[in-house]
Amino acid sequence: MMSTIDIMRDLEQRRKKIQFMTVVPLILFFGLFFGFFAYSTSPFAPLIMFGVVIGIALAGFKTNKERNEFKRIYKENFVVGALKEILGNVTYDPMHGFSEHDVARTGVIQMGNRFSSEDFIEGYWDGVHFRQSDVVVKRVVRSGKHTHTYIHFSGRLFEFDCPLDGNVSTLLFSKNYQYPGHGLGLRYEKIKMENEAFNKRFKIKAARDIDAFYILTPHMMECVDNILVKAKSVGLHFANNKLYLGINYGGKGAFDANMSRPLVYANEIAKIKADTQVIIDIVKTLKLDQNAREDQIRKHGAVMDPIAQLNQSSSQVGGQMNGQMGNQSQTENTYFNQQPTESKYGFTLKQ
């Protein structure tokens, strides 16, 4: 079994080799370009050009193979160990990720016609189940002789368990998020928070406005703000008792080594920990808000969440307006006569 030092030396040698191999196709290309003009009248010119083209293709294939082997060794020897040390017993699959269907149903990303995903991680942190993967979504459009590629998303996609009683669908996108998803395809209301600085950086939509004010606590807004500082753009969707989070970096994925500079063990471990920190930050925020709701219940007894309070207020107003119409009219709408019942995360409504 190789020691850490031996593995680092091996990776560094492979990194230098890949850098050199990356230059070879460029040398062959320029050789083809100048050779075409120098030997264009030679009967062997077509054969020479064909040989150079084949050489470029083989060099590219070999370089890609070496790069994939480098990534495999790096992730198996550094990423796996660091993830288990930080997050505990997690499942990590560096070569696979979310399915296209998984990504589409999050409602965070507008899908295209090109898709790839890798670096799948699944586990629990502080009792909260999560999944994450690097995701790239593109749309390639061909028009005559021209081809245009639009990158819808290139970054990390997360899924956290997030039980929120009564929430239907709440969407949050930074203003520079270019290809936002459509949530659950519902009719959404545009929401403005009391924090004007936050409103300038994010677009908020909700199927019901009360949901947004219930979910986007000061803790959550601060957490999202901190993520945006390190990312190109950010999108969130609260639905189906889940939080779907898309962090669009627009470049290199998480848990990949920087091939342009020498590898230093301490730096690589620090980078992996930084890539993992977003999981911890989100879970801490979710737990903080959950604990605040449970503390409110312990201190004040059967305190309903804002959604239930809204329903109760509507019931009281409806009862006053229809009081002269008799007891029968007051009980026709059973929705407004539901009673609160305690649950793990607050109070929901039942018939």
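Criteria and thresholds
- Residues numbered from 1 in each chain as written.
- Predicted model: local features only at pLDDT ≥ 70, side-chain atom pairs only at ≥ 80, totals over all residues.
- Heavy atoms only, no water.
- Helix = DSSP H or I, 4+ residues; strand = E, 2+ residues; numbered from the N terminus.
- Contact = heavy atoms within 4.5 Å.
- Pairing = 2+ DSSP bridges.
- Axes fitted to C-alpha atoms, helices over the stretch in contact; angles between N-to-C directions.
- Polar contact = N/O pair within 3.5 Å; in protein donor to acceptor, adjacent residues only side chain to side chain.
- Buried < 20%, exposed > 50% of the residue type's maximum accessible area, 1.4 Å probe, protein only.
- Expected span 1.5 Å × (residues − 1).
- 1 Å grid on protein atoms, 1.4 Å probe; cavity = no way out; pocket = protein on both sides within 12 Å on 5 of 7 lines; lining within 4 Å.
- Points joined across faces, edges and corners; volume = space filled by probe spheres on them.
- Nonpolar A, V, L, I, M, F, W, Y, C, P; charged D, E, K, R; others polar.
- Patch = residues over 30% accessible without salt bridge, like charges linked within 9 Å, V, L, I, M, F, W, Y side chains within 5 Å.
- Areas by Shrake-Rupley, 256 points an atom, 1.4 Å probe, with all protein chains shown as cover.
- Salt bridge = Lys/Arg side-chain N within 4 Å of Asp/Glu carboxyl O.
- Lys, Arg positive; Asp, Glu negative; His and termini not counted.
- Charge placed at Lys NZ, Arg CZ, Asp CG, Glu CD.

J.: Would you mind showing me how to read the environment of Leu-171 here?
T.: Examined against the element boundaries, Leu-171 turns out to sit in strand 5 (residues 169–174). Setting aside residues no more than four positions away along its own chain, Leu-171 makes contact with Gly-107, His-182, Gly-183, Tyr-188, Lys-203, Ile-204, Lys-205, Leu-236 and His-237.

J.: Help me understand the sheet that holds strand 2 (residues 114–125) in this model?
T.: To summarise the sheet geometry, strands pair through backbone hydrogen bonds and adopt either a parallel or an antiparallel arrangement. Taken together, 9 strands build an open sheet; the order of strands is 1-2-3-4-9-8-5-7-6 and the sheet is antiparallel. The sheet terminates laterally at strand 1 (91–93) and strand 6 (189–191), the two strands that pair on one side only. If you compare each strand with its neighbour and ignore which way they point, the axes differ by 20° on average. In this structure, strand 5 lies alongside strand 7 (residues 202–206), joined through 5 bridges in antiparallel fashion. Of the residues in strand 7, the one forming a bridge with Ser-174 is Phe-202. Docked against the sheet, helix 6 (residues 218–230) engages strand 5, strand 7, strand 8 (233–239) and strand 9 (242–248), running at close to 145° with respect to strand 8.

J.: Just to check I follow, could you spell out the pairing of strand 4 (residues 146–161) for this structure?
T.: Looking down a regular strand, the side chains alternate between one sheet face and the other. Looking at chain direction, strand 3 (residues 128–143) and strand 4 are connected through 14 bridges and run antiparallel. If you follow Val-136 over to strand 4, its bridge partner there is Ser-154. Between strand 3 and the antiparallel strand that follows it, strand 4, lie 2 residues; Gly-144 among them carries a positive phi value of about 65°. Relative to strand 9, strand 4 is paired through 7 bridges, and the arrangement is antiparallel.

J.: Explain the side chain of Asp-275 to me, please; I cannot follow it from the model alone.
T.: Mapped onto the elements, Asp-275 comes out in helix 7 (residues 265–300). Here Phe-255 takes part through its backbone nitrogen, which lies 3.1 Å from a polar atom of the side chain of Asp-275. Look past the residues within four positions of Asp-275 in its chain and what remains in contact with it is Arg-156, Ala-254 and Phe-255.

J.: Help me understand unusual backbone geometry in this model?
T.: Peptide bonds are mostly trans, and most non-glycine residues show a negative phi. Of note in this structure, Asp-126 is not a glycine but carries a positive phi near 55°. Within the element layout of this structure, Asp-126 appears in the loop between strand 2 and strand 3. One non-glycine residue, Phe-255, adopts positive backbone phi at about 60°. Turning to its location among the elements, Phe-255 is positioned in the loop between strand 9 and helix 7. For Phe-255, a relative accessible area of 0% puts it in the buried group.

J.: Just checking my understanding: could you explain helix 6 for this structure?
T.: Residues separated by three or four positions in an α-helix point in the same direction, a consequence of the helix having 3.6 residues per turn. The terminal C-alpha atoms of helix 6, which comprises 13 residues, lie 19 Å apart, in line with the 18 Å expected from a rise of 1.5 Å per residue. If you check which residues of helix 6 are buried, you get Met-220, Met-221, Cys-223, Val-224, Asp-225, Ile-227 and Leu-228.

J.: Is there a simple way to explain the layout of surface pockets in this structure?
T.: Gaps left between atoms show up when a probe the size of a water molecule is rolled over them. For the largest pocket, the calculated volume is near 330 Å³. Residue lining of the largest pocket: 15 residues in total, with Lys-230, Tyr-249, Ala-274, Asp-275 and Val-278 positioned closest to the centre. Secondary-structure elements contributing two or more residues to the lining of the largest pocket are helix 6 and helix 7. If you tally residues by element for the lining of the largest pocket, the top one is helix 7, at 5 residues. Of the residues contributing to the lining of the largest pocket, the split by class is 7 nonpolar, 3 polar and 5 charged.

J.: Looking at this structure, I do not really get a positive patch on the surface. What am I missing?
T.: Together, Lys-175, Lys-190, Lys-192, Lys-203 and Lys-205 give the surface a local cluster of positive charge. Looking at where Lys-175 falls in the secondary structure, it is placed in the loop between strand 5 and strand 6. Taking relative accessible area as the criterion, Lys-175 reaches 39% and is therefore assigned partly exposed.

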